[in-house]
Structure formats: structure tokens, C-alpha cells
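# Residue-level structure breakdown
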Amino acid sequence: MSALPIMIGTLCVLAIAYRYYSAFIAAKVMMLDDRRQTPAHTMNDGSNYYPTSKWVLFGHHFAAISGAGPLVGPVLAAQFGFLPGLLWLVIGVVLGGAVHDFVILVSSVRRRGKSLAEIARTEISPLSGVVTGIAILFVVVIALAGLGLVVVNSLGESPWGTFTVGFTIPLAIAMGFYMFRFRIGKTAEATIIGVIGLFAAVVVGGRIAESSLASSFTFSETTITYLMAAYGFIASVLPVWMLLCPRDYLSSFMKIGTVAFLIIGVLFVAPHLHMPATTPFVSGGGPIIPGKVFPFVFVTIACGAISGFHSLISSGTTPKMLDRETDARVIGYGSMLMEGLVGVVALVAASSLLPGDYFSINMKQATPEAKTTYTQFVEKNTTEGFDLHEQKLEELTQETGEKNLRGRTGGAVTLAVGIAQIFSGLPGMRGLMKYWYHFAIMFEALFILTTIDAGTRVARFMLGEFLGRFYKPLERPDWMPGAIITSALIVGGWTYFIRTGSISTIWPMFGIANQLLATIALCVGTTVIINSGRAKYAWVTITPLVFVATTTLTAGWRAIFDNFLEDAKKPESMFRGYLDAGLTAIMMTCAVIVLVDSIVRWRRTLRALPIKEQLAEAAD
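Residues numbered from 1 in each chain as written. Predicted model: local features only at pLDDT ≥ 70, side-chain atom pairs only at ≥ 80, totals over all residues. Heavy atoms only, no water.

## Some thoughts on the overall build of the chain
From N to C terminus, the chain includes 23 helices and zero strands. Taken over the C-alpha trace, the chain has a radius of gyration of 23 Å; the compact-globule value for 620 residues is 25 Å, and the two agree within 12%. Put simply, the chain has 620 residues, and 60% of those count as buried. Residue pairs in contact within the chain that sit at least 24 positions apart in sequence constitute 85% of those at least 6 positions apart. On the chain, roughly 22900 Å² of surface is accessible, and the fraction owed to carbon and sulfur atoms is 65%. Charged side chains of the chain number 46 positive and 39 negative; the gap between the two group centres comes to 7 Å. (Helix = DSSP H or I, 4+ residues; strand = E, 2+ residues; numbered from the N terminus. Rg over C-alpha atoms; globule rule 2.2 N^0.38 Å. Buried < 20%, exposed > 50% of the residue type's maximum accessible area, 1.4 Å probe, protein only. Contact = heavy atoms within 4.5 Å. Areas by Shrake-Rupley, 256 points an atom, 1.4 Å probe, with all protein chains shown as cover. Lys, Arg positive; Asp, Glu negative; His and termini not counted. Charge placed at Lys NZ, Arg CZ, Asp CG, Glu CD.)

See the structure below:
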């Protein structure tokens with residue numbers, strides 16, 4: 001099947017959703033009003049609270065929420081075929097993810113930029129506030145570990161990718177000083193410098209990889225992990241204007257520009273989707289994602305359709321920088337639609353690979369045992385019309401300039417190969433596949449690292465709020481000792497999981513935890529709507545809440561008993577299996593507690609409404 005009708009249909013649905021559904025939510029449900037001053041103005045401190053241009057903030061927000069999820073999730077979900085993932089991406093982002101992000105952003109802006117946990121405490125109950133805080137800490141650590149692991153797998157032993165991604169850090173710092181200190185307000189000038197620097201980094205990286213300097217930028221996966229931890233810590237502590245905001249703004253150009261170019265590429269090249277609409281693995285038994293298409297396609301796709309992690313950004317850095325309330329529509333709802341589109345493009349790129357090449361890249365083959373397992377898998381599952389033997393992988397390996405593409409699990413390499421194939425199909429681009437491949441690797445790494453830095457910063461805000469109950473100065477985001485302590489704790493947590501886990505263990509747990517946090521955030525959003533007297537519009541958040549809660553709790557139950565506890569029976573993975581099962585059970589318990597507590601609060605509020613209306617009429 002050609003990807004052309006899929007891309008055209010997706011663009012039409014997303015455009016209609018933004019034009020009409022987001023306008024309805026803005027006017028009727030959240031009632032945006034620019035006469036209300038945002039905390040960026042009322043609490044401006046020059047560091048964390050800072051009024052920011054709508055499009056600069058759009059870039060920061062989109063860069064912060066668009067991590068590995070919309071890239072890796074759809075790639076891994078292609079195991080089930082392209083149709084299940086496509087339907088969930090398009091329907092889920094319109095009715096669930098974009099609504100989730102938009103409502104939480106506005107709710108936080110109207111509460112002085114408070115975190116999701118603080119909003120839950122004031123709007124639902126102190127119990128829900130504490131439980132949400134606990135859930136967030138678990139999710140952030142697991143999420144950042146899952147995202148970081150993808151970077152490690154893609155940059156390990158890759159001097160070209162390491163140099164290119166590393167160069168973006170000093171480039172972003174230079175942009176920060178240029179925009180906010182030397183040439184205040186000259187955003188266009190800084191943008192031109194940044195974009196030129198990005199493309200120069202890709203070209204220079206290729207030269208370095210072929211020179212004697214290559215060894216200086218060739219690091220093991222362990223070294224990459226620690227370098228990334230150092231970056232996350234520094235980005236979390238520095239003022240937001242110095243590194244975080246300009247780097248995310250710079251990355252957003254790369255992200256949005258590449259996605260736009262990919263869309264044009266798909267429309268022009270119209271690649272054939274070699275992966276069938278559905279594969280035999282919809283009934284279970286898949287080598288990448290264990291379990292059946294229901295409910296595991298939903299937690300695998302994760303961020304591309306709806307992501308609880310986004311509620312941390314929407315109640316973290318972004319509400320502290322929002323200039324006007326009406327900017328929340330394009331930043332909250334619009335950014336999430338863009339992320340859904342990224343997910344569709346990633347799915348198309350992965351599905352354009354031949355099934356045999358796709359599974360060869362995504363299955364471990366580093367040891368003789370793993371190679372035997374892979375061979376047995378191919379022979380067992382190859383059927384007429386679904387050939388799992390390698391067909392073009394050797395050719396693709398040579399064209400990308402890599403030593404080996406087999407067993408490069410995690411989805412990042414698969415996506416980079418798919419993107420490079422699409423770009424190479426454009427007029428005049430043939431023969432440049434190795435450049436497009438490494439450009440795609442940088443594109444993916446920038447996606448992920450911008451979530452690493454923003455996520456770590458948001459997490460240290462929340463940890464500070466929680467620890468501030470025991471030692472008051474820790475809740476102040478501008479108190480440097482507290483920033484250092486909380487950042488170190490968060491970075492240490494996700495670094496530990498990267499060093500001890502793998503994509504097959506971390507990603508399913510991340511997907512489940514992420515969607516459970518989305519359930520909690522939708523509970524908070526629904527409560528905000530009902531408490532504000534807009535109960536007749538509560539269906540906007542209750543509808544996705546019911547669906548996400550059902551699918552994710554089911555996935556969590558199945559993952560615990562079918563996957564994690566099975567791992568615990570093996571001596572070499574006993575601790576990891578019990579740890580994964582325990583963390584998933586804790587997250588499920590937190591989500592159920594907040595859900596029940598929210599329903600109790602809704603009933604109490606709705607019962608009180610007639611009394612309030614009677615008192616209002618009597619006063620008149």
C-alpha cells in the first residue's frame with residue numbers, strides 16, 4: 001500500500017481538529033482570556049518565570065514533550081502492522097493527547113505555574129496530591145531512563161553522531177546569550193546562526209568520523225550514559241534562558257523542519273508500505289513487544305497519541321513562561337497534534353522497510369545464542385506474503401556507512417534507516433544515504449535530549465516541592481543548593497535504570513507508567529473543569545480518561561504476570577523482574593487511588609451545585 005493517502009488523510013484530520021475542536025475547548029471549556037495576567041508576568045524572576053514569545057515557547061514546549069516516544073513507540077508498534085498504530089495515533093491525539101496537554105497547561109497557568117501534584121492537592125484532595133507526587137517521581141525516572149537508553153543505543157561507538165549532537169550544546173549556549181543578553185529580542189538573527197550551525201555540525205561530523213579525530217569522539221555505551229547524565233544535571237541547574245530554552249528552540253527547528261521535509265518526501269516519493277496492515281503478532285508472540293495488540297499497542301505507541309509525561313511539562317516550565325492565556329491553544333493543543341504527526345511519519349518510515357530487514361535490526365544478534373534464537377524465529381514465522389528473511393539489509397548497511405545494522409534494538413536505527421530511504425528517493429538525493437542516515441540519528445537524539453533536560457528540570461521542581469514539606473528552602477526553585485541536590489537525585493535515578501536495564505524491559509514499563517500518569521492528569525483536568533462550574537463539558541476529558549484507564553490498567557496487569565514475574569523466575573533477572581513488577585504495581589495503585597478520590601470529589605461538587613445556584617438566586 002502507498003503511504004500517500006495515509007499522509008493526506010492524517011493532515012486533513014489534524015487540521016480540522018485544530019481549527020474546530022481546539023477552538024471549542026478554548027472558548028467553551030477553558031474560557032481563555034488575555035485580560036488575566038499569567039505567572040510569567042506576575043512572578044517574573046528572570047530565571048524560571050519569564051514571559052516568552054509564543055513561537056519561541058512553542059518551540060521549547062514541542063521540543064520538551066517530543067522525546068523518543070513519538071519516534072520509537074510507532075516503530076516498535078509496527079510489529080503489529082501499520083493499521084493498529086495508525087488508528088490510535090490519529091484518534092488518540094485528537095481526542096486524548098492534545099486535550100490532556102491543553103487542559104493541564106491552562107490549569108497550571110491559572111494556579112501560578114504549580115505542578116500537577118500541587119493542582120491535584122488543591123483541586124481533589126491532599127491524599128491525591130501526595131499520591132500524584134509519588135507517581136510522578138516514579139514516572140519521570142522510568143521515562144527518562146527509557147528515553148536515554150535510546151540515545152545510548154544510537155550514539156554508542158558512533159563518532160559522527162556523538163560530535164554532531166555534542167556540538168549543539170555550546171551552540172545553544174551561544175544562542176542563549178545572543179538572544180537574551182547581547183542582542184535582546186533579535187530572535188531571527190540567533191535562529192539563522194543556530195540553523196547554519198546545525199547543518200555545519202552534520203557535515204563536519206562526517207569529516208571527523210573519517211579522520212584521525214574519530215577515536216576522540218568514539219565512546220562506549222557506558223561513557224555515553226555518564227556524559228548524558230552530566231548534561232542533564234547541568235541543564236537542570238543553569239538558568240532556563242541560558243541553555244534549556246535556546247537549545248529546545250534550536251532543536252524545534254530541526255524537529256519541525258525535518259518532519260515537514262519528511263512529509264514532503266512521503267508525499268513526493270509515496271513509499272510503499274511493505275509491512276502489512278496487520279501481522280500474525282496481533283494475537284501475541286511478537287519478538288519486540290510481548291503480548292497481544294490489545295492492550296499493548298496503546299502503551300507501546302505511548303507519547304504519539306497521549307502522554308502523561310507531557311502533563312509535567314504543561315505544569316512545569318511552560319506555564320511559567322506563557323505570555324498570554326490564548327497562547328495556550330497553539331502551544332498546548334497544537335504542539336501535541338504536531339507530535340501525533342511525528343508519530344505517523346515514524347510509523348510510515350518503519351513500515352517502508354521490508355519485514356525481514358525490520359525484524360533483523362530489532363532483534364538481538366550479538367551472541368551465538370541470540371543468533372540461533374533469531375534464526376529459529378525467522379523459520380517459524382515466515383509465511384506466504386510475510387517473508388522474514390533478510391533481503392536488502394547488507395545493501396542498506398553499506399549505503400548508511402555503518403559497520404553493522406543487525407541487532408541495533410531500540411527503534412532509533414530502524415527509524416533512521418527508514419528516514420534515509422525516503423530522503424534518498426527525492427530527486428538529486430541518491431547516493432547521499434549515509435548523510436541522511438546520520439542526519440536522522442542527530443534528529444532523533446535531539447528529540448530525546450531535549451526531553452532529558454526539560455524532564456530533569458521539571459522533576460527537580462516537583463521533588464523540591466515534595467521535600468519542601470520537610471525542609472522549606474528546598475521548595476524554592478531559585479535556591480541553588482536545593483537545585484543541585486534535587487537534580488542529582490533525579491539524574492542518579494534514571495542513570496541507574498539505563499545502566500541495569502534494556503529496551504525490552506524499560507520501554508514496556510515506561511509505556512504503562514506514562515499512560516497511568518495520563519490517567520491521573522485527566523482526573524485532575526476533569527476535576528478542574530467540574531470545580532470551575534463547567535461540569536456539562538467534563539465529557540471532553542472523561543471520554544479519553546475512561547479509555548486510557550481501561551487499556552493501561554489491563555496492560556499493567558498483563559505485563560506484571562506475563563512478563564515481569566516470568567523474568568523474576570530466572571536467576572540472572574530475578575531482581576529486575578521483581579523491581580519492574582513492584583514499580584508497575586505501585587503506579588497502578590496510585591492511578592486507582594486518584595481515580596476513586598476524583599470520583600468522590602466530583603460527586604461532592606455536583607451535589608453542592610444546586611445549593612450554590614439557589615443561594616445565588618436568593619442573593620439576586
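On we go from here.
## Quick notes on the nonpolar core
A general trend in soluble globular proteins is that nonpolar side chains are found buried together. Counting 186 residues, the largest nonpolar core has Ile25, Tyr333, Tyr358, Phe359 and Trp494 as its most contacted members. Discounting residues that sit within four places of it in the chain, Trp494 has contacts with Val141, Leu144, Ala145, Met228, Ala229, Ile452 and Thr456. (Core = buried A, V, L, I, M, F, W, Y, C linked by side-chain atoms within 4.5 Å.)

## A short note on the state of the cysteines
A full pass over the atoms with the stated rule returns zero disulfides. Lacking any disulfide linkage, Cys303 is separated from the closest cysteine sulfur, that of Cys523, by 19 Å. Residue class for Cys303 comes out buried when judged on its relative accessible area of 4%. (Disulfide = S-S within 2.5 Å.)

## What to know about the environment of Val330
Inspection of the secondary structure puts Val330 in helix H14 (residues 327-351). Residue Val330 is classed as buried on the basis of its relative accessible area of 12%. Here the alpha-carbon distance between Val330 and Ser22, two residues 308 residues apart in the chain, equals 8.7 Å. Aside from chain neighbours lying at most four places away, what touches Val330 is Tyr18, Lys54, Trp55, Phe58 and Ser335.

## Regarding the pattern of salt bridges
Under the criterion given, the structure shown has 12 salt bridges. Linking Arg324 and Asp34 is a salt bridge whose minimum nitrogen-to-oxygen distance equals 3.7 Å. In this pair, Arg324 is assigned in the loop between helix H13 (309-314) and H14 and Asp34 in the loop between helix H1 (4-29) and helix H2 (39-42), connecting sequence segments 290 residues apart. For Asp34, a relative accessible area of 35% translates into the label partly exposed. (Salt bridge = Lys/Arg side-chain N within 4 Å of Asp/Glu carboxyl O.)

## Re helix H15 (residues 355-362)
Summarising burial for H15: eight of the eight residues are buried, a large majority. By the burial criterion, the buried members of H15 are Pro355, Gly356, Asp357, Tyr358, Phe359, Ser360, Ile361 and Asn362.

## Topic: a nonpolar patch on the surface
A contiguous nonpolar surface patch, about 350 Å² in accessible area, is contributed by Leu83, Leu87, Ile91 and Leu95. Residue Leu87 is classed as partly exposed on the basis of its relative accessible area, which comes to 47%. (Patch = residues over 30% accessible without salt bridge, like charges linked within 9 Å, V, L, I, M, F, W, Y side chains within 5 Å.)

## Overview of helix H6 (residues 116-123)
The buried fraction of H6 is high, at six of eight residues. Within the span of H6, buried status applies to Leu116, Ala117, Glu118, Ile119, Ala120 and Glu123.

## Topic: unusual backbone geometry
For the bond from Phe294 to Pro295, the omega torsion is 10 degrees, close enough to zero to count as cis. Although it is not a glycine, Arg112 sits at a positive phi angle of roughly 60 degrees. Here Arg112 lies in the loop between helix H5 (82-109) and H6. Notably, Ala270 is not glycine yet its phi reads approximately 50 degrees, a positive angle. With respect to the helices, strands and loops of the structure, Ala270 is situated in the loop between helix H11 (244-269) and helix H12 (293-301).

## Some remarks on the packing of aromatic side chains
Within this structure, the stated rule accounts for 24 aromatic pairs. Considering the side-chain rings of Trp55 and Phe58, the 5.8 Å spacing of their centres and the 65 degrees angle between planes classify their relative orientation as edge-to-face. With a gap of three residues between them, Trp55 and Phe58 both fall in helix H3 (residues 54-65), about one helical turn apart. Residue Trp55 is classed as exposed on the basis of its relative accessible area, which comes to 52%. (Phe/Tyr/Trp six-rings, centres within 6.5 Å; stacked < 30°, edge-to-face > 60°.)

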